[in-house]
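Letter by letter, the chains look like this.
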Amino acid sequence: MSVPLLVVDVQQGFINEFTHHIPRRVVRLIQQGDYGPILFTRFVNQDDGPYCQLLNWHNCDREPETSLVPELEPYAKPECVYTKPGLCGLPNTLIQSLGEHQIKRINVVGIDTDMCVLKIAMDLFDRGIEPIVLTDCCASTAGLQAHLAGLAVLSRNIGAQRLCDAGLSEGMLAAPSA
């Protein structure tokens with residue numbers, strides 16, 4: 001039986017010393033599981049959006065930063081990649097797809113645990129779709145403390161039992177050395 005998987009913002013602009021291991025883990029997860037549909041989000045920073053206007057942050061506004069990482073491209077069907085303007089959470093087209101597939105439970109992985117993963121997991125929860133966050137397949141560009149803070153907030157808001165380990169951490173809590 002296929003399990004839905006939502007890969008949040010594993011894109012080139014979010015790969016750094018704290019997140020470089022996530023593409024490899026997500027690929028391993030996909031290869032060892034029976035996932036379907038496999039859905040992807042990608043963050044696109046817009047000039048008139050809050051990141052530019054309020055934070056004066058202008059990254060992730062064009063390719064290659066907005067492109068999914070090359071490791072995931074073989075698994076990303078164009079109709080299963082959903083663009084989201086900023087931290088909006090679930091794009092309307094993704095909400096529609098989840099309804100069409102009658103998804104009631106979904107595994108969530110990706111970048112940033114403390115931002116987009118958190119927002120999407122909470123939005124899913126609010127819509128009555130049970131998010132299962134695979135914690136070792138998530139990370140934050142701001143480092144381990146931000147990742148752990150995101151998990152703490154998620155634990156309180158969606159329930160600790162919805163935070164699971166996929167068994168891909170190789171015994172490390174933080175990102176392994178590049």
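Right above here is the structure, for reference.
What you see is a predicted model, and the numbers here were worked out from it, not measured in a lab.

Participant: Which residues make up the pairing of strand β3 (residues 81-85), and what values go with them?
Facilitator: Residues Tyr82 and Lys84 point to one face of β3 and are all buried, whereas Val81, Thr83 and Pro85, pointing to the other face, are not buried. Looking at chain direction, strand β2 (residues 35-44) and β3 are connected through 5 bridges and run parallel. Note that in β3 the partner of Arg42 across the bridge is Thr83.

Participant: Could you give an account of the pairing of strand β1 (residues 3-8), with specific residues and numbers?
Facilitator: Burial of β1 is extensive: 5 of the 6 residues sit out of reach of the surface. What joins β1 to β2 is helix α1 (residues 22-32), and the crossover it makes is right-handed. Where β1 and strand β4 (residues 105-111) come together, 4 bridges link them in parallel fashion. Paired with Val7 across the two strands is Val109, which belongs to β4.

Participant: Run through helix α4 (residues 113-126), naming residues and quoting values.
Facilitator: For α4, every residue scored as buried is listed here: Thr113, Cys116, Val117, Leu118, Ile120, Ala121, Asp123 and Leu124. Positioned one or two residues after α4, Gly128 has a phi angle of 80 degrees, which is positive.

Participant: Summarise unusual backbone geometry; cite the residues concerned and give the values.
Facilitator: Between Gly36 and Pro37 the backbone carries a cis peptide bond, its omega angle lying at -10 degrees. Locating Pro37 in the fold gives a position in strand β2. With an omega dihedral of -5 degrees, the bond running from Ile111 to Asp112 counts as a cis peptide bond. For Asp9, which is not glycine, the phi torsion reads 55 degrees and is therefore positive. The phi torsion at Gln102 lies on the positive side, around 50 degrees, for a residue other than glycine. Structurally, Gln102 can be placed in the loop between α3 (92-100) and β4. For Gln102, a relative accessible area of 64% translates into the label exposed.

Calculation rules
- Residues numbered from 1 in each chain as written.
- Predicted model: local features only at pLDDT ≥ 70, side-chain atom pairs only at ≥ 80, totals over all residues.
- Heavy atoms only, no water.
- Buried < 20%, exposed > 50% of the residue type's maximum accessible area, 1.4 Å probe, protein only.
- Helix = DSSP H or I, 4+ residues; strand = E, 2+ residues; numbered from the N terminus.
- Pairing = 2+ DSSP bridges.
- Right-handed = clockwise from strand over helix to strand, strands pointing away.

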